[in-house]
Amino acid sequence: MNDLPLTIAETQEGLKKKKFSAVELVDAYLARIKKFDKEINAFITVSEETAYNQAKKTNHQLPLYGVTVAHKDLFLTKGVRTTAGSKVLQNYIPPYSATVVDRLEKAGCMMIGKTNCDAWGHGASGENSDFGSTKNPWNKKFSSGGSSSGSAVSIASNMSLVATGTDTGGSCRQPANFCSVVGFKPTYGAIPRYGVIATASSLDCVGNITHCVEDSERLFNIAKGGDNHDSNVKDGEYKSHVSRLKIGVPQEYFVRGMDREVEKKVFEAINVFEKAGLEIVKVSLPHTKYAISAYYIINPAEISSNLGRYDGIRYGGDRKNFRDEAKRRIMLGTYVLSAGYYEAYYLKAMKVRSVLIQDFDEVFKKVDALISPVSPTPPFKIGQKINDPLAMYLMDIFTVSANLAGIPALVLPFGFNKNGLPLGFQLMGPRFGENTLFYLGKLFERLSDYKPQIAKL
Amino acid sequence: MHKLFVKDVEHVAWLAKLTLTPAEVRKFQKQLVKVLDYIGQLDKVNTANIKPTSQTTGLENVFREDRINPQEMLTFNDYFTVKQIIKKNE
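### With respect to the sheet that holds strand 5 (residues 182–185) of chain A
Backbone-to-backbone hydrogen bonds pair the strands of a sheet. The strands run either parallel or antiparallel.
Residue and element names in this part refer to chain A.
Working step 1: The strand order 1-3-2-4-6-5-10-11-9-7-8 describes an open sheet built from 11 strands, whose pairing is mixed. The open sheet terminates on both sides in strands that have one partner only, identified here as strand 1 (43–46) and strand 8 (279–283). Recorded for the sheet is a direction-independent mean angle of 30° between the axes of neighbouring strands.
Working step 2: Summarising the sheet, strand 5 and strand 10 (residues 409–416) pair through 3 bridges and their orientation is antiparallel. In the sheet register, Phe 184 faces strand 10, and the bridge partner there is Leu 410.
Working step 3: Helix-sheet contacts for helix 5 (residues 149–156) involve strand 1, strand 2 (68–72), strand 3 (110–115), strand 4 (162–167) and strand 6 (205–210), and the interaxial angle to strand 4 is about 155°.

In structure tokens, the structure reads:
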């Protein structure tokens, strides 16, 4: 097989016309992984046997018939090693699968492997993985983004058709942006997290990474809804989108010091929507500049609690296996929760979170969606920020607000900068406003004549 | 500058059951002071009369019905029965 299909629709059409079989698809993806993954390190575990077993079972009546999926290594997969990107779990084989893994399998997906990630989902570069950094397939000297680094890279380099990811502060969206693919974070609680290794529980969402918006929507429709195992799931009333859509441009997301090409590209995207007759309105989210501070209190606080269970007694290695970033976040979290600091830091951050939510609630009375950059810069070089944790944290400046407010967001690729590195933009919507985001995303793809692109390896 | 001394880092590491080398303590102290300095800017936000948020979709006390699932019950004289894993002659 030379030309692998790049969307679910193409895949299913090819299967229907017998251009290829599900087993041949698995053959082709595995061949690419074998040929290229040594260089880019997108996978921690390749699940050849599972993929072939599922390829034999998938059938044309299933909604995700013949869809090859790569799961971020935070998703438990029954019988297939799950590490969270950390040496603590380097030998851990889960006795059950995450709800999302099960749902995708039942819908016809074939699991090709488990993707590399910043350990425990901590990071914006892929460099915090205990299994080596994932490289950006568009230029291997550059970061793939993180923490769902391997998931984004596996799609951009055509080693899987779709991938799952988690998004706690931008972990699906930022690597998607750095690798020129579509990244999606749902409303908090839209998709069950049962069986997904927790990062920070009040922020964690299960998202996905794909070549096009339609595929992202298809995965979301299979993954969403209660499972009686994650009590934070809300079967919300999804808003149906209105006919005359208004898009807000939050002025606080265009800050001094951000990359000019990144900024220009977002305005180009705004123009595309405006030309199509959508109303564009300037809006303000006045507390945006405090989002990173609130996030880097709440996130480590919840991490320190969630990682407390790794004592090496019941399963996994002991706490000596934690590496720098996990140690920093555990200590920061322990500190902001400790007696005397709880009110000054943690309680304060939860109140600022309320203020940030009020900002969004006000704005969504006026507009149906927001458009913004994803990251203040295009991909940066591997090694450039790893010794400066604060600089790395600031890379999340435009993505963490959606997690703090629990709102959905969709990232679309849109061209490349002068150095050939990916650019794109982010759409954010009100809680349970996914339909509007998918509509706008598909509209943009049509208007901009979008074609999925694979990095040359 | 935020006051986080080497002994504070050691104390927090002890609370979290992390073992750090003296070099790590010095490195983390410098890095954590920078982060704490930055997040200290939250002092500037007026949060008088603002309630804290920890759950963004408004759910509270989610319960399920307390029904017995026969498949999860103890099956033999209050013990779970599992497959034999030790051979008789061992």
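### Observations regarding the side chain of Lys 265 of chain A
Working step 1: Here Lys 265 of chain A is to be found in helix 8 (residues 260–275).
Working step 2: In contact with Lys 265 of chain A, other than residues within four places in its own chain, are Phe 414, Gly 415 and Leu 423 of chain A.

### Points about the packing of aromatic side chains
All names here are of chain A.
Working step 1: Scanning all chains against the criterion turns up 26 aromatic pairs over all chains.
Working step 2: Relative to Phe 322, the ring of Trp 120 lies with its centre 5.7 Å away and its plane at 55°, an arrangement referred to as tilted. Residue Trp 120 is found in the loop between strand 3 and helix 5, and its partner Phe 322 is found in the loop between helix 9 (291–306) and helix 10 (324–337); the two are separated by 202 residues along the sequence. Per residue, the accessibility class of Trp 120 equals that of Phe 322, and both read buried.
Working step 3: Grouping aromatic residues by their ring pairs yields a cluster made of Tyr 92, Trp 120, Tyr 310, Tyr 315 and Phe 322.
Working step 4: Against the face of Phe 131 rests Lys 87, its NZ or CZ located 4.9 Å from the ring centre.
Working step 5: The ring of Phe 380 has Lys 385 sitting right over it, with the charged end atom 5.3 Å from the ring centre.

### A short note on the pairing of strand 5 of chain A
On a regular strand, one side chain projects to one face of the sheet and the next to the other, so that they alternate.
Residues and elements named next belong to chain A.
Working step 1: The alternating pattern of strand 5 places Val 182 and Phe 184 on one face and Gly 183 and Lys 185 on the opposite face, and all of these are buried.
Working step 2: Across 3 bridges, strand 5 lies against strand 6 in antiparallel orientation. Within strand 6, the residue paired with Val 182 across the bridge is Thr 210.

### As for the environment of Leu 59 of chain B
Working step 1: Within the secondary structure, Leu 59 of chain B sits in the segment after helix 2 (22–39).
Working step 2: What makes Leu 59 of chain B partly exposed here is its relative accessible area of 23%.
Working step 3: In this structure Leu 59 of chain B touches Ser 231, Asn 232, Val 233 and Lys 234 of chain A, once residues within four positions along its chain are discounted.

### A closer look at helix 2 (residues 22–40) of chain A
All names here are of chain A.
Working step 1: For helix 2, which comprises 19 residues, the first-to-last C-alpha distance of 25 Å matches the rise-based estimate of 27 Å (1.5 Å per residue) to within 8%.
Working step 2: The sharpest bend along helix 2 comes to roughly 40°, located at Lys 34.
Working step 3: Contact partners of the buried residues in helix 2: helix 1 (8–16), strand 1, helix 3 (48–57), strand 2, strand 3 and helix 5.
Working step 4: Of the residues trailing helix 2, Asn 41 is marked for its positive phi of about 60°.

### Quick notes on the nonpolar core
All names here are of chain A.
Working step 1: If you look at the biggest cluster of nonpolar residues, it comprises 153 residues, and the most contacted ones within it are Trp 120, Phe 273, Ile 371 and Phe 425.
Working step 2: At 10 residues, the largest contribution of residues to this core is made by helix 11 (residues 342–363).
Working step 3: Excluding its chain neighbours within four sequence positions, the residues that come into contact with Phe 273 are Ile 247, Leu 278, Ile 280, Ile 371, Phe 425, Leu 427, Leu 440, Leu 443 and Phe 444.

### Examining helix 8 of chain A
Residue and element names in this part refer to chain A.
Working step 1: Given a rise of 1.5 Å per residue, 16 residues ought to cover 22 Å, and the 22 Å separating the end C-alpha atoms of helix 8 matches this to within 8%.
Working step 2: Tucked into the core, helix 8 has its buried residues touching strand 7 (246–250), strand 8, strand 9 (369–372), strand 10, strand 11 (422–428) and helix 14 (434–447).
Working step 3: Measuring from the side-chain oxygen of the N-cap residue of helix 8 to the backbone nitrogen of Glu 261 gives 3.0 Å; that N-cap residue is Asp 259.

### Here's the deal with the packing of helix 10 of chain A against helix 11 of chain A
Residue and element names in this part refer to chain A.
Working step 1: Look at helix 10 against helix 11: their axes get within 7 Å of each other, and the N-to-C directions meet at 105°. Considered as vectors, helix 10 and helix 11 are oriented roughly perpendicular to each other. From helix 10, Tyr 335, Val 336 and Leu 337 reach across to helix 11, where they touch Tyr 342, Tyr 345 and Tyr 346.
Working step 2: Looking at the contact of helix 10 with helix 11 residue by residue, the class counts come to 6 nonpolar, no polar and no charged.

### Concerning the packing of helix 10 of chain A against helix 1 (residues 6–15) of chain B
Working step 1: The contact between helix 10 of chain A and helix 1 of chain B brings their axes to 9 Å, and the two run at 95°. Viewed along their axes, helix 10 of chain A and helix 1 of chain B adopt a mutual orientation that is roughly perpendicular. Facing helix 10 of chain A, whose interface residues are Met 331, Thr 334 and Tyr 335 of chain A, helix 1 of chain B presents Val 9, Val 12, Ala 13 and Leu 15 of chain B.
Working step 2: Partitioned by chemical class, the residues of the contact of helix 10 of chain A with helix 1 of chain B number 6 nonpolar, 1 polar and no charged.

### Some points on the interface of chain A and chain B
Working step 1: Listed by partner, the interface residues are 49 residues for chain A and 38 residues for chain B.
Working step 2: Buried area between chain A and chain B, both sides added, is near 3,900 Å², and the carbon and sulfur share of it is 69%.
Working step 3: The interface formed by chain A and chain B contains 3 salt bridges.
Working step 4: Where Asp 324 of chain A meets Lys 27 of chain B, a salt bridge forms, and the shortest distance between an N and an O atom there is 2.5 Å.
Working step 5: Here chain A and chain B share 14 residue pairs in polar contact (both at pLDDT 80 or more) between them.
Working step 6: When contributions to the side of chain A that touches chain B are tallied by element, the ones reaching two or more residues are helix 9, helix 10, helix 11, helix 12 (389–393) and helix 13 (400–405) of chain A.
Working step 7: The element that contributes the greatest number of residues to the side of chain A that touches chain B is helix 11 of chain A, accounting for 12 residues.
Working step 8: Taken together, the residues that form the side of chain A that touches chain B break down as 26 nonpolar, 11 polar and 12 charged.

### A short note on unusual backbone geometry
Residue and element names in this part refer to chain A.
Working step 1: A cis amide bond, omega 10°, links Gly 146 with the succeeding residue Ser 147.
Working step 2: Along the chain, Ser 147 turns up in the loop between strand 3 and helix 5.
Working step 3: Non-glycine residue Trp 120 carries a positive phi angle of around 65°.
Working step 4: We classify Trp 120 as buried; its relative accessible area is 1%.

About the criteria used
Residues numbered from 1 in each chain as written. Chains lettered and ligands numbered in written order. Predicted model: local features only at pLDDT ≥ 70, side-chain atom pairs only at ≥ 80, totals over all residues. Heavy atoms only, no water. Pairing = 2+ DSSP bridges. Helix = DSSP H or I, 4+ residues; strand = E, 2+ residues; numbered from the N terminus. Axes fitted to C-alpha atoms, helices over the stretch in contact; angles between N-to-C directions. Contact = heavy atoms within 4.5 Å. Phe/Tyr/Trp six-rings, centres within 6.5 Å; stacked < 30°, edge-to-face > 60°. Buried < 20%, exposed > 50% of the residue type's maximum accessible area, 1.4 Å probe, protein only. Lys NZ or Arg CZ within 6 Å of the ring centre and 35° of its normal. Expected span 1.5 Å × (residues − 1). Bend = angle between axes of the 7 residues up to and from the residue. Core = buried A, V, L, I, M, F, W, Y, C linked by side-chain atoms within 4.5 Å. Polar contact = N/O pair within 3.5 Å; in protein donor to acceptor, adjacent residues only side chain to side chain. Parallel < 35°, antiparallel > 145°, perpendicular 65-115°, else oblique. Nonpolar A, V, L, I, M, F, W, Y, C, P; charged D, E, K, R; others polar. Buried area = accessible area lost by both parts, 1.4 Å probe. Salt bridge = Lys/Arg side-chain N within 4 Å of Asp/Glu carboxyl O.

These results come straight from atomic positions and should not be treated as a statement about function.
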